[in-house]
Amino acid sequence: MTYFEAIILGLVQGLAEFLPISSSGHLALLQGLFGIEGESVLFFAVLLHVGTLVSVFICYWKDIWELIVELCITIKDVCTGKGLRLKERPVRKLGVMIIAATIPTGIIGVLFNDFFEGLYSSFIAIGIGFIITGVLMFLAERMSSANRDIAHMNFRNALFIGTLQGVAICPGVSRSGSTLIGGLTTGLKREFAVKFAFLISIPSILGSVVMEVPDAVREGLDPGIIGPVIAGMVIAAVSGIIAIKSMIKIVSDKKLSYFSYYVWVLGTITICLGLFSDKF
């Protein structure tokens, strides 16, 4: 793997993880086009996920710190018999909703992990995933605005959004796009739907890292590509910050349809590559 390839992959990972265009689909597509394979790929994928995780922490550090503090207070309240008091503590309720949304995502990831991995080798499957992402964004653009925030959110909403996030493990299907459409479908206001989508990405990305680390360690890393790998991770973190800030404005300005056209074109090209190229 060259520095150029690592930087391109890191840039794509950071942007596509948070913009509704599917990072998994783009990375699988680029790795196939670049012919990148072998021991370096899995470890590199883990570090790219770490890079995007860093970008979420940087952009939402205040919210994350509040959630950590509230977790400590929650433990104290439960131990002293005060209970959860979710209606009185909106930050606490947000943390509980994040946990609830993570449950179906984790279940889907564990049960269908082998199935999803098999799709990464099929350009046709990746292309179909891109098409689905485009449809989701097209629908999200046309959904009427709502004003529900964490005070009005319930467990059914969280489980529904988490289920859509689990389905987005499929290559080509955007995680941020799926969770956004889930939030808008349940009536969350656009700004909060984006915030919730990015916050629930933390346990999702962290979970994928934990699942990939054993295999990555077992396969090892070629010392000769440590430089490119680190460069890719840094680029993923920086571009992730840009993508998060851009996504907040894009959703507020209702410009998601541009992404629909992009992934529809990309999906069509990807399917054609799968149908007519022996290489893929």
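Model, not experiment: these values are computed from the prediction.

Caption draft 1: Molecular detail of the layout of surface pockets. Taken as a whole, the second largest pocket encloses approximately 430 Å³ of empty space. In terms of lining, the second largest pocket is formed by 17 residues, of which the most central are Leu67, Leu71, Gly95, Ile98 and Ile99. Contributions of two or more residues to the lining of the second largest pocket are made by α4 (61-79), α5 (90-111) and α11 (201-219). For the lining of the second largest pocket, the element with the most residues is α5, which contributes seven residues. Across the lining of the second largest pocket, the residue classes break down as twelve nonpolar, three polar and two charged.

Caption draft 2: How the structure looks around the packing of aromatic side chains. Inspection of the entire model under this criterion finds seven aromatic pairs. Ring centres of Tyr60 and Phe198 lie 6.2 Å apart, and the angle between their planes is 50 degrees; this geometry places the pair in the tilted category. Residue Tyr60 is located in the loop between α3 (39-59) and α4, and its partner Phe198 is located in helix α10 (residues 190-199); the two are separated by 138 residues in the primary sequence. You can call Phe198 buried: its relative accessible area is 1%.

Caption draft 3: Quick look at the packing of helix α7 (residues 123-141) against helix α9 (residues 175-185). Here α7 crosses α9 at 30 degrees, and the two axes come no closer than 9 Å. You can see that α7 and α9 cross each other, and the crossing is left-handed. Together, Leu136, Met137, Leu139 and Ala140 of α7 and Gly177, Ser178, Ile181 and Leu184 of α9 make up the contact between the two elements. Here the contact of α7 with α9 is built from residues that sort into six nonpolar, two polar and no charged.

Caption draft 4: Region of interest: the side chain of Gln165. Within the secondary structure, Gln165 is located in helix α8 (residues 155-167). A polar atom in the side chain of Gln165 sits 3.0 Å from the side chain of Thr105.

Caption draft 5: Highlighting a nonpolar patch on the surface. A surface patch of nonpolar side chains, amounting to about 1000 Å² of accessible area, comprises Ile99, Ile103, Ile107, Val110, Leu111, Phe112, Phe115, Phe155, Leu159 and Met211. Counting only elements with at least two residues in the nonpolar patch, the list comes to α5 and α8. Here the nonpolar patch gets five residues from one element, more than from any other, and that element is α5.

Caption draft 6: Layout of the environment of Leu9. Among the structural elements, Leu9 can be located in helix α1 (residues 3-18). Leu9 sits 220 residues away from Val229 along the chain, and the two C-alpha atoms are 9.8 Å apart.

Caption draft 7: Geometry of the pattern of salt bridges. For the structure on display, the rule yields seven salt bridges. A salt bridge links Arg92 to Asp77, with the shortest nitrogen-to-oxygen separation between them at 2.8 Å. Here Asp77 lies in helix α4 and Arg92 lies in helix α5, a separation of 15 residues in the sequence. Comparing Arg92 with Asp77 shows no difference in burial state: the two are buried. Here Glu88 ties to Arg85 by a salt bridge, and the two come within 3.4 Å at their closest N and O atoms.

Caption draft 8: Quick look at the packing of α1 against helix α12 (residues 226-252). Axis separation between α1 and α12 bottoms out at 7 Å; the angle between their running directions is 25 degrees. The angle between α1 and α12 places the two elements in the roughly parallel class. Once α1 is placed against α12, the crossing between them reads as right-handed. Residue-level contacts link Tyr3, Ala6, Ile7, Gly10, Leu11, Gln13, Gly14, Leu15 and Phe18 of α1 to Gly227, Pro228, Ala231, Gly232, Ile235, Ala236, Ser239, Gly240, Ala243, Ile244 and Met247 of α12. In terms of residue class, the contact of α1 with α12 is made up of 13 nonpolar, seven polar and no charged.

What counts as what
Residues numbered from 1 in each chain as written. Predicted model: local features only at pLDDT ≥ 70, side-chain atom pairs only at ≥ 80, totals over all residues. Heavy atoms only, no water. 1 Å grid on protein atoms, 1.4 Å probe; cavity = no way out; pocket = protein on both sides within 12 Å on 5 of 7 lines; lining within 4 Å. Points joined across faces, edges and corners; volume = space filled by probe spheres on them. Helix = DSSP H or I, 4+ residues; strand = E, 2+ residues; numbered from the N terminus. Nonpolar A, V, L, I, M, F, W, Y, C, P; charged D, E, K, R; others polar. Phe/Tyr/Trp six-rings, centres within 6.5 Å; stacked < 30°, edge-to-face > 60°. Buried < 20%, exposed > 50% of the residue type's maximum accessible area, 1.4 Å probe, protein only. Axes fitted to C-alpha atoms, helices over the stretch in contact; angles between N-to-C directions. Left-handed = near helix turned anticlockwise from the far one by under 90°. Contact = heavy atoms within 4.5 Å. Polar contact = N/O pair within 3.5 Å; in protein donor to acceptor, adjacent residues only side chain to side chain. Patch = residues over 30% accessible without salt bridge, like charges linked within 9 Å, V, L, I, M, F, W, Y side chains within 5 Å. Areas by Shrake-Rupley, 256 points an atom, 1.4 Å probe, with all protein chains shown as cover. Salt bridge = Lys/Arg side-chain N within 4 Å of Asp/Glu carboxyl O. Parallel < 35°, antiparallel > 145°, perpendicular 65-115°, else oblique.

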